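Next come the chains, spelled out residue by residue.
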Amino acid sequence: MLTPYDVTNGNGHKNILFLSYEACAGDLAWRLKQEGHAVKWYVQSKADRGLYDGFFDKVDDWEPHKDWAELIIVDDVGFGPLADRLRKEGKAVLGGSSYTDRLELDRDFGAQEMKAAGLSIPDSWEFSSFDEAIKFVQTHPDRYVVKPSGKAQHDKVLSFVGNEADGKDVVAILERYKKGWATKVRTIQIQKHLSGVEVAVGGYFNGQDFILPVCINFEHKRLFPGEIGPSTGEMGTAMFFSGANRLYRETIEKMVPKLRESGFTGYFDINCIATSRAVYPLEMTPRFGYPTVSIQMEGVQSPWGEFLHAVATKKPYVLKTQKGFQVGVVIALPPWPFADLDTFRKFSEDAVIIFTKPGMDGIHLGDVKLEEGDWKITGRDGYALVVTGSGPTMEEAHRETYARVKTIIIPNMFYRTDIGHRWRKEGDLLHTWGLLA
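Computed from a predicted model, the values in this text were never measured in an experiment. (Residues numbered from 1 in each chain as written. Predicted model: local features only at pLDDT ≥ 70, side-chain atom pairs only at ≥ 80, totals over all residues. Heavy atoms only, no water.)

K.L.:
In this structure, what is going on with the overall build of the protein? I would like to understand it.
P.N.:
If you tally the helices and strands in the protein, you get 13 helices and 21 strands. On C-alpha atoms alone, the protein measures out to a radius of gyration of 21 Å, which is about the 22 Å that the 2.2 N^0.38 rule sets for 437 residues. In terms of its C-alpha atoms, the protein occupies a principal-axis envelope of roughly 65 × 50 × 45 Å. Considering the protein as a whole, with its 437 residues, one finds that 57% of them fall into the buried category. Carbon and sulfur atoms provide 50% of the accessible area of the protein, an area that totals close to 18200 Å². Charge-centre separation for the protein: the mean point of 53 positive side chains lies 2 Å from the mean point of 59 negative side chains. (Helix = DSSP H or I, 4+ residues; strand = E, 2+ residues; numbered from the N terminus. Rg over C-alpha atoms; globule rule 2.2 N^0.38 Å. Buried < 20%, exposed > 50% of the residue type's maximum accessible area, 1.4 Å probe, protein only. Areas by Shrake-Rupley, 256 points an atom, 1.4 Å probe, with all protein chains shown as cover. Lys, Arg positive; Asp, Glu negative; His and termini not counted. Charge placed at Lys NZ, Arg CZ, Asp CG, Glu CD.)

K.L.:
Teacher, can you tell me more about the sheet that holds strand β13 (residues 266-274) here?
P.N.:
Note on sheets: strands pair through backbone hydrogen bonds, and any given pair is parallel or antiparallel. Pairing is antiparallel in the open sheet, where 8 strands are placed in the order β14-β13-β10-β11-β12-β15-β20-β17. Edge strands, defined here as strands with exactly one partner in the open sheet, are β14 (279-285) and β17 (363-365). The average undirected angle you get between the axes of adjacent strands in this sheet is 30°. As paired elements, strand β10 (residues 197-205) and β13 share 9 bridges and run antiparallel to each other. Residue pairing in the sheet places Gly 202 in a bridge with Asp 269 of β13. (Pairing = 2+ DSSP bridges. Axes fitted to C-alpha atoms, helices over the stretch in contact; angles between N-to-C directions.)

K.L.:
Explain the layout of surface pockets to me, please; I cannot follow it from the model alone.
P.N.:
Rolled over the atoms, a probe with the dimensions of a water molecule shows which regions are left empty. In this structure, the second largest pocket occupies an estimated 970 Å³ of space. In this structure, the second largest pocket is lined by 32 residues; those nearest its centre are Val 161, His 193, Glu 198, Arg 222 and Ile 273. Here the lining of the second largest pocket is composed, by residue class, of 9 nonpolar, 9 polar and 14 charged. (1 Å grid on protein atoms, 1.4 Å probe; cavity = no way out; pocket = protein on both sides within 12 Å on 5 of 7 lines; lining within 4 Å. Points joined across faces, edges and corners; volume = space filled by probe spheres on them. Nonpolar A, V, L, I, M, F, W, Y, C, P; charged D, E, K, R; others polar.)

K.L.:
Can you help me understand the pattern of salt bridges in this one?
P.N.:
Note that side chains of opposite charge can pair when their charged atoms are close. One pass over the full model with this rule turns up 30 salt bridges. Here Lys 91 makes a salt bridge to Asp 67, at a shortest N to O gap of 2.7 Å. With Lys 91 in the loop between α2 (80-88) and β5 (93-94) and Asp 67 in the loop between β3 (57-58) and β4 (71-74), this residue pair connects regions lying 24 residues apart in the sequence. Overlapping salt bridges bring together Arg 107, Glu 198, Glu 219, Lys 221 and Glu 283 as one network. (Salt bridge = Lys/Arg side-chain N within 4 Å of Asp/Glu carboxyl O.)

Following this line, the structure appears as structure tokens:
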């Protein structure tokens, strides 16, 4: 278990308040509590207020606690204007701003901002109706990627990567979405498909610059091994920390002036397609990634409370990280990645998590609660746990992660078995193209 800060070394404990829409960053809140900080949690979604019961204190209203808080953490988009207002009041706020909310929720605006910053964005088009998008693909046949904009983009099952050169599979999926999602999806982005290595670059921005090292990470979004099946929120990620390499210089570093002007402090990530010719950004995530932040805990050696407070108060910080690689895998239950409350109640609700070995190294909270000493599945999605491991090579990080997975028993649990396997090929390509130097 983690030990609290030694107050004699000048660090001390902080009062930390989380503002959340859907209870995303519970694992981070738990880590901060383990470090000895006082943690209070406000979640707006009524459906998610039962998550993390027993792990830390919750509040029904955040505002009476804002003066108590020495650090306020916003864990998702949507609180941007509020975060801006709290900063103007002199509060230390990590995450969220009106500008960065718009970067993520309005894909066209985000693309134009990246273009203005000097990034090489791929060709893309936004449409306000499915009929317009279908007509475009039929008129300009090619291989495309379909992405919803706005809040609907969090329904990852709606993202679709076309395989056909004439775009007929994209037309077919748009026709299907039109029947089932027309009332929910208001804006659709059609993006030209690019072949290369999908890689993300993320870093913690302290209002002036990114704190190095940055996180180079490889998401595994499909449900099944081998990138088969529907897109999920994410099934796992492989990563490592790096200094200011070419990937960093061609992506998030170029956004520094705009982020500085916006007043944003927090984690900022750009997912890209890297090729031998250029690095093409796909989308920005100006918030914590999930399960990314849990996997980062495997590699960050600095105290998280101290580090995040420095970021929020716009101070420089020497971030200590492990050398080598980190791997994280999501353990899920039905109905993940779909929303079906009846299925969740039948197969997953209140299932007890059994740990067959002592110690909790590499075990991170998903949608769970603590009840009479037992960890139990709660919520509605079946997002149970994140399990992480590390090692000097990607293979060793993979091995440690899955050794820890095998110590966990939950009825009906499932997970991908290949997180990190792509590194052998993709790492060679990134090195060959000079992007990691």
